[in-house]
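Structure assessment
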Amino acid sequence: MRDFVGRSGAAAALTVIAVTWQAGAALAENLALVIGNSRYQNTVNAKDAGRVLELDKALAEAGYRVQKAQNATRDDLRSILTNFGDDAIEADRLIVVFAGHILNNGTETFLTPTDLKDPKPITIQLQAPSLSSFLAIMAEHAGGAAMFVGYHGGEGGFFAGEPGFRGINGLTPGLGPVTVPQGVLLASGPPAKLVEALKSGFLSVEATTASVAEGLDPEVSVAGYVSRFSTLAPGRDQTDGATTGDADAREEAYWRIAETQKTLAGYEDFLSRYPSGAYSELARIKIREMKAADAQPQVSAAEQAEIDLKLSRDDRKQIQRDLTILEHDPRGVDGLFGPATRRAISSWQLANRFSETGFLDRRQLDLLRDQAQVRSEQLAEEARRKAEEQRQADIRFWNQTGSSGQEADLRVYLRNYPDGIYTEEARRQLDVIERARIEQSQGPERTAWQRAEAIGTVDAYNEYLGRYPNGLFAGTARERIEALRQDEQDRDRLNEAQREEDRLGLNTQAWLLIERKLEKEGLDPGPIDGTPTDKTRRAIRKYQSSAGLPVTGYMDRSTLSRLILTIRF
C-alpha cells in the first residue's frame, strides 16, 4: 500500500493522499491509480483535473485498492509509474485515471507533471511519462484493464490562449495517435465527464463496458476493448448479457470468471454449473492442484533457508545487481523479490546445477557474490581495454584526416567519429571555414545558403543545390542532406530507446549516480545535476560503444546494470 506525494507552487507544499482499500469477495486484488494534476507551476492550471480525485470512494466501494496522487511532479510520476508497474503484477483488474495537461508530438502522447517547463519534443520526453508506458503495463491484464484520460481538447484546451504555444516545434495539446493494446479499454474526455461515466456506468454491477460505451456523453471517446460480457465491476456475474440460446458464450463467460478469481470455490462453482462442459476437465485439474497445494507446508525448506539469511533491503538489491551482472535479469534493482527476481534466481541455479527453487541458501549466496565480483572485474577490464583501443584508433584517424585542417578531411573524421576526441575541434575548424566562405560568397548565393541553413530540411538544402549545384556550399549541403536522412532512419530506433528508458522510471537521484559514474569513467556528462543533456547523451553513447552495447545514447537495462556495478541505490 502506497501514498503518493505531489508538489504545487513555489513553496512546493506536500499533500499526502490517503490510500483506501476494500476487498472484493473471493477475488485477487483489484488496483486503481488516480492522478489529478490541476495546479501547474509554469503554465495555466488544468481546469477540473482535480475532480478525478473524487473517485476514490466509488472505486473502493467497487472493490479496488486505490492509489491517489495530487499535483504530481516529474519525479513523482516516474516513481508512481515504477511502483504501479510492480504492484500491477499480482493484480486482477486495473484502472488508471489521469487528468491534467496532455501533449503529443504526433506519434506519442505524454501525461505531464506539474513542474513541466518549456515543453518541446525532446524535453517533453525527459519530463513526462508516455501514455504508452501505462498501457504497456495494462496490456498484461487483457480483458480487465481500463485507462481514463481527462483533458479538454480543441479551442477550449488547457493551453488555449498561451501565446506562441500551439503547434510549437510539433507539440500540440491533446491525444496523439494511440495504439490501444488488445483487451484494454481507453476512454478520454473532460475530467468531470469521465468521473460521471465511472460513477454512474463503468463501476455499476449492472453494466457491461459495451452498454456503458453506447450511452456515454458525446464528449467522451472510447477506444479499445469493449464487450457485452466484460465489466469493470469485480465479482459481477458476466453471463447476464447472454441469451438463453447462447450456451457457449455463457459457459465461456463463467470460465473467465473462474480463471480471474483463481480460487477453489470459483472452480468448484464453475464445475457445478458445467460438469460436462468444454472446460470441465481443466477445472478438475485446477481443483486437484489447489487441494494438493493446500496440503503442502506453507513454507518450503528452500524458502525457510532464505528466510534464515535475514536479508536486508540492501542485501536484496545487491543480489539483484549480482544476478544482472551474470545476465540473469531480475527486471530491476529495487530490493523487492517478485516473480521476475525468483525466475532470475532459478535461472542462475539451473546454470550452476542447483535445484531450481527460486530461493537462495548461504552456500548459493556466497557463490553468487563471488561469481558477480569476478565478472564485474572482467567487464570493467574489457570496457577499459576497448575504450583505450577506441581512443588510439580515434587519434590515428585524426592524424590521418582532420589534423590536416582541410574541410574534406574534417568531414570524414566527423562521419566516422561523431562523438570522438577531436569532434569539437573539427566542428570549430569547420565553423571557421564556413564563416570565411560566407564572407567570400556573393549576395544571392549567400542569401540562398542562409535560408537553407535557417530551415534546415532536406528540401531546403536541395533547393539551394538546384540553384547552385557547384556553389561554395554545395559540399556542405550534401553533407547536411546525408545527415538528415540518417537521422530519419535512426528515428524509430531512438524513439524505442527513449521509451525503454522511460520504462526504467529513472528519478533525479538515479541520474545523479549515472552522471557521476560517467564522469568517473572519464566521459564528460556535463553538469552533475540529475538532468540528462546532450552532453550526457554523448557520454552514454561513448560508454555503450566501449562496453559493446547497442549505441543509442539512452539508458536501458543492460547499460544501467553495466554502468552502476559499483553503485548502491
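Before reading on, note that the structure itself is shown above.
Here the structure is a predicted model, which is why all the values come from computation and not from measurement. (Residues numbered from 1 in each chain as written. Predicted model: local features only at pLDDT ≥ 70, side-chain atom pairs only at ≥ 80, totals over all residues. Heavy atoms only, no water.)

Quick look at helix 17 (residues 458-467)
- Looking at helix 17, one finds that the buried residues are Ala460, Tyr461, Tyr464 and Leu465. Seen end-on, helix 17 carries its buried residues on one side only, within an arc spanning 140 degrees. Facing away from the buried surface of helix 17 by more than 90 degrees, the exposed residues are Asp459, Gly466 and Arg467.
- Looking at the buried side of helix 17, the elements it contacts are helix 16 (443-455) and helix 18 (474-504). (Buried < 20%, exposed > 50% of the residue type's maximum accessible area, 1.4 Å probe, protein only. Helix = DSSP H or I, 4+ residues; strand = E, 2+ residues; numbered from the N terminus. Arc of directions from axis to C-beta. Contact = heavy atoms within 4.5 Å.)

A word on the pairing of strand 3 (residues 31-36)
- In terms of burial, strand 3 is a largely internal element, six of the six residues being buried.
- Burial of strand 3 is two-sided: the residues Leu31, Leu33 and Ile35 facing one way and the residues Ala32, Val34 and Gly36 facing the other way are all buried.
- The pairing of strand 3 with strand 4 (residues 65-70) spans six bridges and is classified as parallel. Looking at strand 4, one finds that Gly36 is bridged to Gln70. (Pairing = 2+ DSSP bridges.)

Looking at unusual backbone geometry
- Residue Glu327 is not a glycine yet carries a positive backbone phi of 65 degrees.
- Inspection of the secondary structure assignment puts Glu327 in the loop between helix 11 (313-325) and helix 12 (339-351).
- The backbone of Arg353 sits at a positive phi, close to 65 degrees, despite the residue not being glycine.
- Take Arg353: it is sitting in the loop between helix 12 and helix 13 (362-400).
- Arg353 sits in the exposed class, given a relative accessible area of 81%.

Focus: the nonpolar core
- Counting 59 residues, the largest nonpolar core has Leu59, Leu94, Ile95, Met147, Phe148 and Phe202 as its most contacted members.
- Tallying contributions element by element places strand 5 (residues 94-99) first for this core, with six residues.
- Those residues in contact with Phe202, other than ones at most four positions away along the chain, are Phe148, Leu185, Ala197, Thr209, Val212, Leu216, Leu232 and Ala233.
- Grouped together as the second largest cluster of nonpolar side chains are 15 residues, Leu504, Ala510, Tyr543 and Leu563 included. (Core = buried A, V, L, I, M, F, W, Y, C linked by side-chain atoms within 4.5 Å.)

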